[in-house]
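Structure at a glance
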Amino acid sequence: MAFLPFALPDIDETEVQEVKEALQSGWITTGPKTKQFEAEFAKAVGAKHAIAVNSCTAAMHLALEALGVRQGDEVITSPYTFAATAEVIRYFDARPVFVDVEPRFLNLNPDLIEQAVTPRTKIILPVHLGGMPANMDAIRDVATRHGILVIEDAAHAFPSSYKGKPIGSVSELTCFSFYATKPITTGEGGMITTDNDQWADRCRIMSLHGISKDAWKRYTAEGSWYYEIVAPGFKYNMTDIAAAMGIAQLRKANIMLEKRAKIARAYHAAFSQLPQLQIPFDDAAQQHAWHLYMLRLNLDTLNIDRARFFDELKVRNIGASVHFIPLHIHPYYRALYGYTPDDFPVAYREYMREISLPIYSKMDESDVQHVIEAVTDIVNHFCR
Ligand SMILES: Cc1ncc(COP(=O)(O)O)c(C=O)c1O
(Lines give C-alpha, C1' and ligand atoms only; values in the text may rest on other atoms or scores of the structure.)
Protein backbone atom coordinates (compact mmCIF):
# COMPACT_ATOMS: atom_id res chain seq x y z
CA MET A 1 0.00 0.00 0.00
CA ALA A 2 1.15 3.54 -0.78
CA PHE A 3 1.72 5.94 2.13
CA LEU A 4 -1.57 7.13 3.58
CA PRO A 5 -1.25 10.78 4.68
CA PHE A 6 -2.60 11.76 8.09
CA ALA A 7 -4.95 14.32 6.52
CA LEU A 8 -6.04 15.39 3.04
CA PRO A 9 -8.57 18.03 1.99
CA ASP A 10 -11.65 16.87 0.07
CA ILE A 11 -11.46 19.11 -2.99
CA ASP A 12 -13.28 18.40 -6.23
CA GLU A 13 -14.65 20.20 -9.26
CA THR A 14 -17.11 22.28 -7.20
CA GLU A 15 -14.30 24.07 -5.32
CA VAL A 16 -12.41 24.53 -8.59
CA GLN A 17 -15.50 26.06 -10.24
CA GLU A 18 -16.22 28.41 -7.32
CA VAL A 19 -12.61 29.57 -7.13
CA LYS A 20 -12.46 30.00 -10.91
CA GLU A 21 -15.54 32.20 -10.73
CA ALA A 22 -13.90 34.33 -8.04
CA LEU A 23 -10.66 34.61 -10.03
CA GLN A 24 -12.47 35.55 -13.22
CA SER A 25 -14.81 38.02 -11.52
CA GLY A 26 -11.97 40.50 -11.01
CA TRP A 27 -12.77 40.61 -7.30
CA ILE A 28 -10.31 38.40 -5.47
CA THR A 29 -10.09 39.83 -1.97
CA THR A 30 -12.93 40.37 0.53
CA GLY A 31 -16.10 40.89 -1.50
CA PRO A 32 -19.29 39.17 -2.64
CA LYS A 33 -18.03 35.60 -2.15
CA THR A 34 -16.97 36.39 1.41
CA LYS A 35 -20.36 37.96 2.13
CA GLN A 36 -22.10 34.91 0.68
CA PHE A 37 -19.93 32.51 2.69
CA GLU A 38 -20.64 34.48 5.88
CA ALA A 39 -24.40 34.45 5.26
CA GLU A 40 -24.47 30.72 4.49
CA PHE A 41 -22.24 29.85 7.46
CA ALA A 42 -24.36 31.95 9.85
CA LYS A 43 -27.44 30.09 8.61
CA ALA A 44 -25.74 26.71 9.00
CA VAL A 45 -24.98 27.29 12.69
CA GLY A 46 -28.09 29.37 13.49
CA ALA A 47 -26.18 32.54 14.42
CA LYS A 48 -27.19 36.10 13.59
CA HIS A 49 -23.71 37.13 12.46
CA ALA A 50 -20.72 35.38 10.91
CA ILE A 51 -17.49 37.29 10.30
CA ALA A 52 -14.99 35.60 7.98
CA VAL A 53 -11.30 36.06 8.75
CA ASN A 54 -8.03 34.51 7.66
CA SER A 55 -7.59 32.06 10.57
CA CYS A 56 -9.14 30.81 13.79
CA THR A 57 -6.23 32.44 15.58
CA ALA A 58 -7.37 35.79 14.16
CA ALA A 59 -10.96 34.93 15.07
CA MET A 60 -10.06 34.28 18.72
CA HIS A 61 -7.89 37.41 18.89
CA LEU A 62 -10.78 39.52 17.59
CA ALA A 63 -13.32 37.82 19.88
CA LEU A 64 -11.20 38.53 22.98
CA GLU A 65 -10.68 42.12 21.80
CA ALA A 66 -14.42 42.62 21.24
CA LEU A 67 -15.12 41.48 24.81
CA GLY A 68 -12.60 44.01 26.11
CA VAL A 69 -9.82 41.76 27.43
CA ARG A 70 -7.04 43.86 28.92
CA GLN A 71 -3.59 43.44 30.41
CA GLY A 72 -3.74 41.44 33.65
CA ASP A 73 -7.11 39.84 32.89
CA GLU A 74 -7.44 36.09 33.26
CA VAL A 75 -8.91 33.72 30.71
CA ILE A 76 -9.68 30.17 31.79
CA THR A 77 -8.80 27.62 29.15
CA SER A 78 -7.54 24.10 28.52
CA PRO A 79 -3.87 23.14 28.45
CA TYR A 80 -4.81 20.29 26.08
CA THR A 81 -4.88 22.37 22.91
CA PHE A 82 -2.91 23.94 20.10
CA ALA A 83 -0.65 26.96 20.54
CA ALA A 84 -3.25 29.38 19.16
CA THR A 85 -5.75 29.05 22.03
CA ALA A 86 -3.40 30.53 24.62
CA GLU A 87 -1.18 32.73 22.47
CA VAL A 88 -4.14 34.99 21.64
CA ILE A 89 -4.59 35.58 25.39
CA ARG A 90 -0.91 36.49 25.69
CA TYR A 91 -1.34 39.06 22.85
CA PHE A 92 -3.13 41.21 25.48
CA ASP A 93 -0.58 40.49 28.19
CA ALA A 94 -3.47 38.70 29.86
CA ARG A 95 -3.03 35.34 31.60
CA PRO A 96 -4.21 31.98 30.30
CA VAL A 97 -5.34 30.14 33.43
CA PHE A 98 -5.15 26.46 32.58
CA VAL A 99 -7.68 24.10 34.09
CA ASP A 100 -7.03 20.39 33.69
CA VAL A 101 -9.16 18.28 31.36
CA GLU A 102 -11.52 15.47 32.25
CA PRO A 103 -10.22 12.03 31.30
CA ARG A 104 -12.98 10.97 28.91
CA PHE A 105 -13.17 13.64 26.22
CA LEU A 106 -10.09 15.60 27.32
CA ASN A 107 -12.17 18.77 27.39
CA LEU A 108 -12.14 21.34 30.24
CA ASN A 109 -13.06 19.59 33.48
CA PRO A 110 -16.14 21.48 34.71
CA ASP A 111 -15.51 20.37 38.31
CA LEU A 112 -12.23 22.29 38.33
CA ILE A 113 -13.32 25.52 36.69
CA GLU A 114 -14.96 27.17 39.69
CA GLN A 115 -11.84 27.00 41.84
CA ALA A 116 -9.84 28.73 39.08
CA VAL A 117 -12.14 31.77 39.03
CA THR A 118 -10.72 34.97 40.53
CA PRO A 119 -11.91 38.60 40.44
CA ARG A 120 -9.72 39.01 37.34
CA THR A 121 -11.37 36.18 35.36
CA LYS A 122 -12.97 37.70 32.30
CA ILE A 123 -13.55 34.84 29.88
CA ILE A 124 -13.83 31.06 29.78
CA LEU A 125 -12.41 29.73 26.51
CA PRO A 126 -13.29 26.04 26.14
CA VAL A 127 -11.89 23.95 23.28
CA HIS A 128 -14.03 21.28 21.63
CA LEU A 129 -11.20 18.80 21.33
CA GLY A 130 -11.21 16.76 18.17
CA GLY A 131 -14.75 17.98 17.45
CA MET A 132 -16.44 16.69 20.61
CA PRO A 133 -18.25 19.58 22.32
CA ALA A 134 -17.10 20.48 25.83
CA ASN A 135 -19.60 20.36 28.69
CA MET A 136 -21.23 23.69 27.86
CA ASP A 137 -24.03 23.50 30.48
CA ALA A 138 -21.52 23.25 33.30
CA ILE A 139 -19.32 25.96 31.77
CA ARG A 140 -22.32 28.23 31.31
CA ASP A 141 -23.37 27.62 34.88
CA VAL A 142 -20.03 28.83 36.30
CA ALA A 143 -19.89 31.70 33.81
CA THR A 144 -23.36 32.97 34.70
CA ARG A 145 -22.78 32.78 38.44
CA HIS A 146 -19.58 34.82 38.15
CA GLY A 147 -20.56 37.21 35.35
CA ILE A 148 -17.94 35.73 33.00
CA LEU A 149 -18.35 35.57 29.22
CA VAL A 150 -17.67 32.50 27.06
CA ILE A 151 -15.79 32.28 23.77
CA GLU A 152 -15.57 28.82 22.21
CA ASP A 153 -12.52 27.53 20.37
CA ALA A 154 -14.45 25.49 17.82
CA ALA A 155 -11.47 25.05 15.49
CA HIS A 156 -12.27 21.32 15.32
CA ALA A 157 -16.01 21.49 15.71
CA PHE A 158 -17.83 22.20 12.48
CA PRO A 159 -20.36 20.76 12.00
CA SER A 160 -21.20 19.67 15.53
CA SER A 161 -23.87 20.30 18.11
CA TYR A 162 -24.32 20.42 21.85
CA LYS A 163 -27.59 18.87 23.03
CA GLY A 164 -29.10 19.53 19.61
CA LYS A 165 -27.89 23.14 19.34
CA PRO A 166 -25.29 23.75 16.62
CA ILE A 167 -21.88 24.77 17.89
CA GLY A 168 -21.73 28.40 16.74
CA SER A 169 -24.96 29.41 18.44
CA VAL A 170 -24.29 28.30 22.01
CA SER A 171 -22.00 30.97 23.52
CA GLU A 172 -21.36 34.70 23.25
CA LEU A 173 -18.82 34.18 20.46
CA THR A 174 -17.56 31.07 18.66
CA CYS A 175 -14.41 30.75 16.57
CA PHE A 176 -13.91 28.24 13.76
CA SER A 177 -10.87 27.20 11.71
CA PHE A 178 -10.72 26.43 8.00
CA TYR A 179 -7.06 25.45 8.04
CA ALA A 180 -6.02 22.86 5.43
CA THR A 181 -6.62 19.83 7.65
CA LYS A 182 -9.87 21.00 9.24
CA PRO A 183 -13.35 19.53 8.60
CA ILE A 184 -14.05 22.25 6.05
CA THR A 185 -11.16 24.20 4.60
CA THR A 186 -10.38 27.41 2.74
CA GLY A 187 -6.62 26.70 2.79
CA GLU A 188 -6.26 29.16 5.65
CA GLY A 189 -9.34 30.76 7.16
CA GLY A 190 -11.57 31.25 10.14
CA MET A 191 -15.00 32.47 11.21
CA ILE A 192 -16.50 34.20 14.24
CA THR A 193 -20.18 33.70 14.97
CA THR A 194 -22.30 35.68 17.42
CA ASP A 195 -25.84 36.94 17.94
CA ASN A 196 -24.61 40.23 19.37
CA ASP A 197 -24.67 43.21 16.94
CA GLN A 198 -22.11 45.25 18.84
CA TRP A 199 -19.50 42.47 19.11
CA ALA A 200 -20.05 41.53 15.46
CA ASP A 201 -19.45 45.16 14.42
CA ARG A 202 -16.33 45.40 16.53
CA CYS A 203 -14.89 42.15 15.13
CA ARG A 204 -15.62 43.28 11.58
CA ILE A 205 -14.05 46.70 12.06
CA MET A 206 -10.98 45.34 13.85
CA SER A 207 -10.52 42.63 11.21
CA LEU A 208 -9.79 45.34 8.66
CA HIS A 209 -7.47 47.97 10.16
CA GLY A 210 -10.05 49.42 12.57
CA ILE A 211 -11.62 51.22 9.63
CA SER A 212 -15.21 52.34 9.97
CA LYS A 213 -17.96 50.22 8.48
CA ASP A 214 -17.80 48.44 5.14
CA ALA A 215 -14.17 49.26 4.44
CA TRP A 216 -14.16 46.43 1.91
CA LYS A 217 -16.72 48.29 -0.22
CA ARG A 218 -14.49 51.28 -0.91
CA TYR A 219 -13.59 50.07 -4.42
CA THR A 220 -17.18 49.24 -5.43
CA ALA A 221 -19.71 51.48 -7.26
CA GLU A 222 -21.67 51.98 -4.03
CA GLY A 223 -18.55 52.46 -1.89
CA SER A 224 -16.94 55.70 -0.83
CA TRP A 225 -13.27 56.76 -0.88
CA TYR A 226 -13.79 58.25 2.57
CA TYR A 227 -13.13 56.18 5.67
CA GLU A 228 -12.31 56.73 9.31
CA ILE A 229 -9.92 54.78 11.50
CA VAL A 230 -11.59 54.22 14.86
CA ALA A 231 -8.96 51.93 16.43
CA PRO A 232 -5.62 50.36 15.51
CA GLY A 233 -7.05 47.21 13.97
CA PHE A 234 -5.58 44.17 12.28
CA LYS A 235 -5.35 42.73 8.76
CA TYR A 236 -7.41 39.61 9.27
CA ASN A 237 -9.94 39.71 6.40
CA MET A 238 -10.74 36.62 4.33
CA THR A 239 -10.16 36.75 0.57
CA ASP A 240 -12.90 35.93 -1.94
CA ILE A 241 -10.66 33.19 -3.34
CA ALA A 242 -10.69 31.48 0.07
CA ALA A 243 -14.41 32.18 0.60
CA ALA A 244 -15.20 30.59 -2.77
CA MET A 245 -13.64 27.37 -1.53
CA GLY A 246 -15.53 27.73 1.72
CA ILE A 247 -18.87 28.01 -0.08
CA ALA A 248 -18.27 24.73 -1.91
CA GLN A 249 -16.96 23.02 1.25
CA LEU A 250 -19.94 24.18 3.30
CA ARG A 251 -22.34 22.56 0.83
CA LYS A 252 -20.82 19.15 1.43
CA ALA A 253 -19.94 19.56 5.12
CA ASN A 254 -22.57 17.07 6.26
CA ILE A 255 -21.68 14.49 3.64
CA MET A 256 -18.01 14.74 4.65
CA LEU A 257 -19.02 14.42 8.32
CA GLU A 258 -21.04 11.28 7.60
CA LYS A 259 -18.00 9.75 5.89
CA ARG A 260 -15.78 10.57 8.88
CA ALA A 261 -18.38 9.18 11.29
CA LYS A 262 -18.47 5.95 9.27
CA ILE A 263 -14.68 5.64 9.54
CA ALA A 264 -14.94 6.24 13.30
CA ARG A 265 -17.50 3.43 13.55
CA ALA A 266 -15.23 1.05 11.62
CA TYR A 267 -12.28 1.94 13.89
CA HIS A 268 -14.46 1.55 17.01
CA ALA A 269 -15.62 -1.89 15.90
CA ALA A 270 -12.06 -3.09 15.25
CA PHE A 271 -10.20 -1.46 18.13
CA SER A 272 -12.73 -2.05 20.89
CA GLN A 273 -11.74 -5.73 20.54
CA LEU A 274 -8.16 -4.92 21.58
CA PRO A 275 -7.59 -4.36 25.30
CA GLN A 276 -4.34 -2.57 24.48
CA LEU A 277 -6.33 0.33 23.02
CA GLN A 278 -8.75 2.87 24.42
CA ILE A 279 -11.11 4.07 21.69
CA PRO A 280 -12.49 7.63 21.82
CA PHE A 281 -15.53 8.08 24.04
CA ASP A 282 -18.79 9.02 22.41
CA ASP A 283 -21.83 10.77 23.84
CA ALA A 284 -25.20 10.28 22.20
CA ALA A 285 -26.37 13.76 23.30
CA GLN A 286 -23.60 15.47 21.31
CA GLN A 287 -22.88 15.57 17.60
CA HIS A 288 -19.16 14.87 17.30
CA ALA A 289 -17.48 16.53 14.28
CA TRP A 290 -14.97 13.66 14.11
CA HIS A 291 -12.18 16.01 13.15
CA LEU A 292 -9.76 13.74 15.02
CA TYR A 293 -9.78 10.07 15.89
CA MET A 294 -7.79 10.17 19.13
CA LEU A 295 -6.75 6.66 20.06
CA ARG A 296 -5.16 6.08 23.46
CA LEU A 297 -2.69 3.30 24.18
CA ASN A 298 -2.95 1.23 27.35
CA LEU A 299 0.81 1.42 27.75
CA ASP A 300 1.05 -1.15 30.55
CA THR A 301 -0.20 -3.81 28.12
CA LEU A 302 2.33 -2.94 25.40
CA ASN A 303 6.10 -3.19 25.40
CA ILE A 304 6.55 -0.08 23.26
CA ASP A 305 5.79 3.56 23.97
CA ARG A 306 3.73 6.00 21.92
CA ALA A 307 6.76 7.28 19.98
CA ARG A 308 7.60 3.75 18.83
CA PHE A 309 3.91 3.08 18.01
CA PHE A 310 4.00 6.17 15.82
CA ASP A 311 7.17 4.93 14.07
CA GLU A 312 5.64 1.49 13.56
CA LEU A 313 2.65 3.10 11.83
CA LYS A 314 5.05 4.98 9.59
CA VAL A 315 6.87 1.76 8.70
CA ARG A 316 3.46 0.40 7.67
CA ASN A 317 2.90 3.48 5.45
CA ILE A 318 0.41 5.24 7.70
CA GLY A 319 0.65 8.91 8.61
CA ALA A 320 -0.42 9.65 12.19
CA SER A 321 -0.21 12.64 14.52
CA VAL A 322 -0.27 13.53 18.22
CA HIS A 323 -2.85 15.90 19.71
CA PHE A 324 -1.65 17.77 21.66
CA ILE A 325 1.60 18.43 23.48
CA PRO A 326 -0.03 20.18 26.46
CA LEU A 327 0.74 23.87 26.52
CA HIS A 328 2.06 23.86 30.09
CA ILE A 329 5.03 21.67 29.16
CA HIS A 330 6.22 23.96 26.36
CA PRO A 331 9.29 26.09 27.20
CA TYR A 332 7.47 29.42 26.91
CA TYR A 333 4.75 28.60 29.44
CA ARG A 334 7.13 26.71 31.69
CA ALA A 335 9.43 29.70 31.87
CA LEU A 336 6.60 32.20 32.30
CA TYR A 337 4.59 30.39 34.97
CA GLY A 338 7.00 27.77 36.34
CA TYR A 339 4.82 24.83 35.38
CA THR A 340 5.84 21.21 35.78
CA PRO A 341 4.15 18.39 33.81
CA ASP A 342 2.15 17.26 36.86
CA ASP A 343 0.48 20.62 37.34
CA PHE A 344 -2.17 19.33 34.91
CA PRO A 345 -1.79 15.59 35.44
CA VAL A 346 -4.64 14.34 33.28
CA ALA A 347 -3.53 16.42 30.29
CA TYR A 348 0.05 15.21 30.68
CA ARG A 349 -0.81 11.54 31.26
CA GLU A 350 -3.24 11.31 28.36
CA TYR A 351 -0.91 13.16 25.98
CA MET A 352 1.77 10.56 26.69
CA ARG A 353 -0.45 7.77 25.33
CA GLU A 354 -2.39 9.54 22.58
CA ILE A 355 -2.06 8.93 18.87
CA SER A 356 -4.36 10.36 16.19
CA LEU A 357 -5.24 8.17 13.22
CA PRO A 358 -6.23 9.34 9.74
CA ILE A 359 -9.95 10.20 9.50
CA TYR A 360 -11.04 12.18 6.45
CA SER A 361 -13.64 11.89 3.73
CA LYS A 362 -11.11 11.24 0.96
CA MET A 363 -10.24 7.88 2.54
CA ASP A 364 -11.80 4.89 0.84
CA GLU A 365 -12.64 1.54 2.41
CA SER A 366 -9.28 0.03 1.59
CA ASP A 367 -7.52 2.96 3.31
CA VAL A 368 -9.61 2.34 6.43
CA GLN A 369 -8.80 -1.37 6.29
CA HIS A 370 -5.14 -0.54 5.83
CA VAL A 371 -5.17 1.51 9.07
CA ILE A 372 -7.10 -1.18 10.97
CA GLU A 373 -4.73 -3.91 9.84
CA ALA A 374 -1.63 -1.86 10.63
CA VAL A 375 -2.81 -0.92 14.13
CA THR A 376 -3.90 -4.49 14.87
CA ASP A 377 -0.59 -5.84 13.61
CA ILE A 378 1.40 -3.46 15.82
CA VAL A 379 -0.69 -4.35 18.86
CA ASN A 380 -0.26 -8.09 18.21
CA HIS A 381 3.46 -7.68 17.72
CA PHE A 382 4.14 -5.60 20.78
CA CYS A 383 1.56 -6.69 23.34
CA ARG A 384 2.95 -7.90 26.65
C1 LIG B 1 -7.71 23.75 18.95
C2 LIG B 1 -7.22 24.73 17.92
N3 LIG B 1 -7.50 26.02 18.08
C4 LIG B 1 -7.10 26.94 17.18
C5 LIG B 1 -6.37 26.60 16.07
C6 LIG B 1 -5.91 27.66 15.14
O7 LIG B 1 -6.52 27.60 13.89
P8 LIG B 1 -5.92 28.41 12.67
O9 LIG B 1 -4.79 27.62 12.11
O10 LIG B 1 -7.08 28.52 11.71
O11 LIG B 1 -5.50 29.73 13.18
C12 LIG B 1 -6.08 25.25 15.85
C13 LIG B 1 -5.32 24.87 14.66
O14 LIG B 1 -4.88 23.76 14.46
C15 LIG B 1 -6.50 24.29 16.80
O16 LIG B 1 -6.21 22.99 16.65
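Refer to the structure printed above.
Quantities reported herein were computed from a predicted structural model and do not represent experimental measurements. (Residues numbered from 1 in each chain as written. Predicted model: local features only at pLDDT ≥ 70, side-chain atom pairs only at ≥ 80, totals over all residues. Heavy atoms only, no water.)

**Quick word on the sheet that holds strand 10 (residues 277-278)**
- Spatial ordering of the open sheet is given by 10-12-13, a layout of three strands whose pairing is antiparallel. Where the open sheet ends on each side, the last strands, each with one partner, are strand 10 and strand 13 (354-357).
- The sheet contact formed by strand 12 (residues 293-297) and strand 13 spans four bridges and is antiparallel. From the neighbouring strand, Y293 faces strand 13, where its bridge partner is L357.
- Relative to strand 12, helix 9 (residues 253-271) is tilted by about 15°, and along the sheet it contacts strand 10, strand 12 and strand 13.
- Set on the sheet, helix 10 (residues 306-315) makes contact with strand 10, strand 12 and strand 13; between it and strand 13 the angle comes to about 20°. (Pairing = 2+ DSSP bridges. Helix = DSSP H or I, 4+ residues; strand = E, 2+ residues; numbered from the N terminus. Contact = heavy atoms within 4.5 Å. Axes fitted to C-alpha atoms, helices over the stretch in contact; angles between N-to-C directions.)

**Things to note about the sheet that holds strand 2 (residues 74-77)**
- Judged by pairing direction, the sheet is mixed, and its seven strands sit side by side in the order 1-9-8-5-4-2-3 without closing on themselves. Taken across any chain shown, the strands that pair with only one partner, and hence form the sheet edges, are strand 1 (49-53) and strand 3 (95-98). Strand-to-strand twist in this sheet, taken as the mean axis angle between neighbours without regard to direction, amounts to 25°.
- Bridge count for strand 5 (residues 149-153) against strand 8 (residues 173-177) is three bridges, and the pairing is parallel. From the neighbouring strand, I151 faces strand 8, where its bridge partner is L173.
- With respect to the sheet, helix 7 (residues 197-207) is in contact with strand 1, strand 5, strand 8 and strand 9 (190-194), its orientation differing from that of strand 1 by roughly 15°.

**Topic: the pairing of strand 5**
- In terms of burial, strand 5 is largely enclosed, as four of its five residues are buried.
- Inspection of the sheet shows strand 4 (residues 121-125) paired to strand 5 by two bridges, in the parallel sense. Across the sheet, residue I124 finds its bridge partner in strand 5, namely V150.
- Where the polypeptide runs from strand 4 across helix 6 (residues 136-146) and back to strand 5, its parallel neighbour, the crossover connection is right-handed. (Buried < 20%, exposed > 50% of the residue type's maximum accessible area, 1.4 Å probe, protein only. Right-handed = clockwise from strand over helix to strand, strands pointing away.)

**Focus on the site of the ligand**
- Near the ligand there are 17 residues, and of these T57, D153, H156, S177 and K182 occur at the shortest range.
- Between the ligand and the protein, one listed contact pairs an oxygen atom with a side-chain N or O atom of H156 at 2.7 Å.
- Notes on the ligand: free accessible area 390 Å², of which the protein chains cover 92%.
- No other element matches the three residues that helix 3 (residues 56-66) contributes to the shell around the ligand.
- Taken together, the residues that form the shell around the ligand break down as eight nonpolar, seven polar and two charged. (Near = heavy atom within 4 Å. Polar contact = N/O pair within 3.5 Å; in protein donor to acceptor, adjacent residues only side chain to side chain. Areas by Shrake-Rupley, 256 points an atom, 1.4 Å probe, with all protein chains shown as cover. Nonpolar A, V, L, I, M, F, W, Y, C, P; charged D, E, K, R; others polar.)

**Brief notes about unusual backbone geometry**
- The step from F158 to P159 runs through a cis peptide bond, and the omega angle for that step is -5°.
- A positive phi angle, close to 60°, is found at D93, a residue other than glycine.
- Along the chain, D93 falls in the loop between helix 4 (83-90) and strand 3.
- A relative accessible area of 38% means that D93 is categorised as partly exposed.
- The backbone of L106 sits at a positive phi, close to 60°, despite the residue not being glycine.
- You can call L106 buried: its relative accessible area is 3%.

**Some thoughts on the pattern of salt bridges**
- Throughout the structure, instances matching the rule amount to 26 salt bridges.
- Linking E114 and R145 is a salt bridge whose minimum nitrogen-to-oxygen distance equals 2.9 Å. Remark: R145 occurs in helix 6 and E114 occurs in the loop between helix 5 (110-113) and strand 4; sequence separation between them is 31 residues.
- Look at E114 and you get partly exposed, because its relative accessible area is 31%.
- One salt bridge in this structure joins R316 and D377, with 2.9 Å as the shortest N-O distance. With R316 in the loop between helix 10 and helix 11 (331-337) and D377 in helix 13 (residues 365-382), the pair connects residues that are 61 residues apart, well separated along the chain.
- Judged by relative accessible area, which is 18%, R316 ranks as buried.
- What makes D377 partly exposed here is its relative accessible area of 34%.
- Bridged by salt links that share partners, the residues D10, D12, E15, K252 and K362 form one connected network. (Salt bridge = Lys/Arg side-chain N within 4 Å of Asp/Glu carboxyl O.)

**Here's the deal with helix 8 (residues 240-251)**
- Across its 12 residues, helix 8 extends 17 Å between first and last C-alpha, which sits within 8% of the 16 Å expected from 1.5 Å per residue.
- Along helix 8, 10 of the 12 residues are buried, which leaves the element largely enclosed by surrounding structure.
- Buried residues of helix 8: D240, A242, A243, A244, M245, G246, I247, A248, Q249 and L250, and no others. (Expected span 1.5 Å × (residues − 1).)

**A word on the environment of L302**
- Within the secondary structure, L302 is located in the loop between strand 12 and helix 10.
- Residue L302 is classed as buried on the basis of its relative accessible area of 1%.
- On a C-alpha basis, the gap between L302 and K35 in space is 52 Å, while along the polypeptide they are 267 residues apart.
- If near-sequence neighbours (up to four positions away) are discounted, L302 is found in contact with Q276, L297, F309, V379, F382, C383 and R384.

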